[in-house]
Amino acid sequence: MNHHLVVRVVSKLLIPFILLFGLYVQFHGDFGPGGGFQAGVIFAAALILYALVFGLDNARKVAPDSAVRVGMATGVLLFGFTGVASLLGGGNYLDYSALSQNPLGGQHLGILLVELGVGITVCSVMIAIFFSFAGRNHRLDKLEE
Amino acid sequence: MTITVVMVVRLHNLFAVVMLGGIYSLLAATMFVLFDAVDVAFTEAAVGAGVSTVLLLGALALTSREEKDTGKLAVIPLIIVITVGIALIYGTLDMPLYGDPNAPIHVHVAPYYLERGMVETSVPNIVTAVLASYRGFDTLGEVCVVFTAGIGVLMLLSRERLTRRYRGVGGDKR
């Protein structure tokens, strides 16, 4: 896609906003529509757009395979350890009220952490699936042209 | 939406089919917005219309663009599809009307969530409160499903690189 100037410029302009919107959906999910799952997909979509326009090799420099794999596990572990932390705080597993002195504050913290875990896992899995599909050969770039 | 589905079935150009699939997802997303299910619409637009279309295009790049024409009318699958379709439509006949306040789904736990959700979690978006707090175990399971799916794809598709590395290690030993 090297000679599509319009596409390159427009996606260069759009990608930061898509990433910002992904973060907004992630951390504003308790107040508006959205949450970890949607945010992860939006975040991954920005990186996939980058990979489509600027090539897979450049995208792999942004999100190395090893980082993506670590991210997949990190999200699940963050979710699980939030539950363990509430166990240690004296509550049931995943009972966020035990996370802090103030039960409501604990709920907020717990939901934030859990949604972050969901977001990280979903985002990493989407990127990993895309990379492994597109990495089979580089004909994807040709198809798009 | 019906037109899109009919076109998906009729067309043989797989590229157009993938694109129509994306359009179908977008239409479904607008339908969810009409039903006030904004969170679901969000997911449908991002996953169905966005990422899965790109993934299908990626898969398409690995095979041919045209569907093989078998030329035969598949009778038994057609009968199964029609029977199941009739059974499903028959099943919807005694479902409560859309928006009926006395429907079973609205009198079970939903009033509790609506009344106590804000007091117990102080999260204004009830969907997030239910997903992350009341149904935390469900969501943990879902994340594990996504994680497992990712691992599965990685195991299947990045196999040759792994075997090459394995062989390299074996060669060193010898």
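Not measured: the values here are computed from a predicted model.

**Student:** It is not clear to me how the packing of aromatic side chains should be interpreted in this structure. Could you clarify?
**Tutor:** The way to describe two aromatic rings as a pair is by their centre distance and the angle between their planes. One pass over the structure, following the stated rule, counts four aromatic pairs over all chains. Ring centres of Phe21(A) and Tyr24(A) lie 6.2 Å apart, and the angle between their planes is 25 degrees; this geometry places the pair in the stacked category. Taken together, the residues Phe21(A) and Tyr24(A), both in helix 1 (residues 5-27) and three residues apart, mark about one turn of the helix. Judged by relative accessible area, which is 46%, Tyr24(A) ranks as partly exposed. Arranged with centres 6.0 Å apart and planes meeting at 25 degrees, the rings of Phe21(A) and Phe42(B) form a pair that is stacked. Highlighted residues: Phe21(A) in helix 1 and Phe42(B) in helix 3 (residues 38-62), drawn from two different chains.

**Student:** How should the confidence of the model for chain B be read in this particular structure?
**Tutor:** Regions with low pLDDT should not have their predicted coordinates read in detail. Residue and element names in this part refer to chain B. Averaged over every residue, the pLDDT of chain B is 78; residues scoring 70 or more account for 85%. Mean pLDDT in chain B bottoms out at helix 9 (residues 159-173), which sits at 50, and peaks at helix 4 (residues 75-92), which reaches 91. The low-confidence segment residues 169-174, where pLDDT is below 50, has zero contacts with residues more than four positions distant or belonging to other chains.

**Student:** Can you help me understand the packing of helix 2 (residues 36-54) of chain A against helix 3 of chain B in this one?
**Tutor:** How two helices sit against one another is set out by the angle between their axes and by the gap between those axes. Look at helix 2 of chain A against helix 3 of chain B: their axes get within 10 Å of each other, and the N-to-C directions meet at 25 degrees. When the interaxial angle is binned, helix 2 of chain A and helix 3 of chain B end up roughly parallel. Two packed elements cross with a definite hand, and for helix 2 of chain A against helix 3 of chain B that hand is left-handed. In this structure, helix 2 of chain A uses Phe37(A), Gln38(A), Val41(A), Ile42(A), Ala45(A), Ile48(A) and Leu52(A) to contact helix 3 of chain B, whose residues at the interface are Asp39(B), Phe42(B), Thr43(B), Ala46(B), Val47(B), Val51(B) and Val54(B). Across the contact of helix 2 of chain A with helix 3 of chain B, the residue classes tally to 11 nonpolar, two polar and one charged.

**Student:** Honestly, the side chain of Glu115(A) in this entry has me stumped. Any pointers?
**Tutor:** The residue Glu115(A) is located in helix 5 (residues 103-134) in this model. Since its relative accessible area comes to 9%, Glu115(A) is described here as buried. Not counting the four nearest positions on each side in its chain, Glu115(A) is found in contact with Gln26(A), Gly35(A), Gly36(A), Thr128(B) and Ala132(B).

**Student:** Would you mind going over the side chain of Thr53(B) with me for this structure?
**Tutor:** Mapping Thr53(B) onto the fold places it in helix 3. Apart from the residues within four sequence positions on either side, Thr53(B) is in contact with Val18(B), Gly22(B) and Gly48(B).

**Student:** Please explain the interface of chain B and chain A as it appears in this structure.
**Tutor:** One frequently used descriptor of interface size is the decrease in accessible area upon assembly of the parts. Residue-level contacts link 44 residues of chain B with 47 residues of chain A. When the two sides are added together, the surface that chain B and chain A hide from each other amounts to roughly 4,100 Å², 75% of it contributed by carbon and sulfur. At the junction of chain B with chain A, the criterion picks out zero salt bridges. Taken together, the links from chain B to chain A amount to two residue pairs in polar contact (both at pLDDT 80 or more). Among the elements of the structure, helix 3, helix 6 (110-121), helix 7 (126-134), helix 8 (136-157) and helix 9 of chain B are those that each provide at least two residues to the side of chain B that touches chain A.

**Student:** I tried to follow helix 1 of chain A on my own but got confused; where do I start?
**Tutor:** Owing to its 3.6 residues per turn, the α-helix aligns residues three or four sequence positions apart on the same side. Compared with the 33 Å implied by 1.5 Å per residue over 23 residues, the 34 Å span of helix 1 of chain A between its first and last C-alpha is a close match. The axis of helix 1 of chain A is deflected most strongly, by about 30 degrees, at Leu14(A), and proline Pro16(A) appears within four residues downstream. Inspection of helix 1 of chain A places Ser11(A), Ile15(A), Gly22(A), Val25(A) and Gln26(A) among the buried residues, and these make up the whole buried set. Those residues of helix 1 of chain A hidden inside the fold are in contact with helix 2 and helix 5 of chain A together with helix 3 of chain B.

**Student:** In this structure, what is going on with the pattern of salt bridges? I would like to understand it.
**Tutor:** Residues and elements named next belong to chain A. Summed over the entire model, instances satisfying the criterion amount to one salt bridge over all chains. Residue Asp 65 is joined to Arg 60 by a salt bridge in which the shortest nitrogen-to-oxygen separation is 2.7 Å. By relative accessible area, Asp 65 is classed as partly exposed at 23%.

**Student:** What is the right way to look at helix 2 (residues 14-34) of chain B in this model?
**Tutor:** Residue and element names in this part refer to chain B. Its 21 residues place the ends of helix 2 30 Å apart at the C-alpha level, agreeing with the 30 Å of an ideal helix rising 1.5 Å per residue. Of all the positions in helix 2, only Val 17, Val 18, Leu 20, Gly 22, Ser 25, Ala 28 and Ala 29 are classed as buried. On its buried side, helix 2 packs onto helix 1 (2-10) and helix 3. Looking at where helix 2 begins, the residue whose side-chain oxygen comes 3.1 Å from the main-chain nitrogen of Phe 15 is Asn 13.

**Student:** Sorry, what's going on with the confidence of the model for chain A here?
**Tutor:** Per-residue confidence for chain A gives a mean pLDDT of 81, with 92% of residues at or over 70. The secondary structure element of chain A with the lowest average pLDDT is helix 6 (residues 139-144) of chain A, at 50, and the one with the highest is helix 1 of chain A, at 88.

Parameters and conventions
Residues numbered from 1 in each chain as written. Chains lettered and ligands numbered in written order. Predicted model: local features only at pLDDT ≥ 70, side-chain atom pairs only at ≥ 80, totals over all residues. Heavy atoms only, no water. Phe/Tyr/Trp six-rings, centres within 6.5 Å; stacked < 30°, edge-to-face > 60°. Helix = DSSP H or I, 4+ residues; strand = E, 2+ residues; numbered from the N terminus. Buried < 20%, exposed > 50% of the residue type's maximum accessible area, 1.4 Å probe, protein only. pLDDT = per-residue confidence, 0-100. Contact = heavy atoms within 4.5 Å. Axes fitted to C-alpha atoms, helices over the stretch in contact; angles between N-to-C directions. Parallel < 35°, antiparallel > 145°, perpendicular 65-115°, else oblique. Left-handed = near helix turned anticlockwise from the far one by under 90°. Nonpolar A, V, L, I, M, F, W, Y, C, P; charged D, E, K, R; others polar. Buried area = accessible area lost by both parts, 1.4 Å probe. Salt bridge = Lys/Arg side-chain N within 4 Å of Asp/Glu carboxyl O. Polar contact = N/O pair within 3.5 Å; in protein donor to acceptor, adjacent residues only side chain to side chain. Expected span 1.5 Å × (residues − 1). Bend = angle between axes of the 7 residues up to and from the residue.

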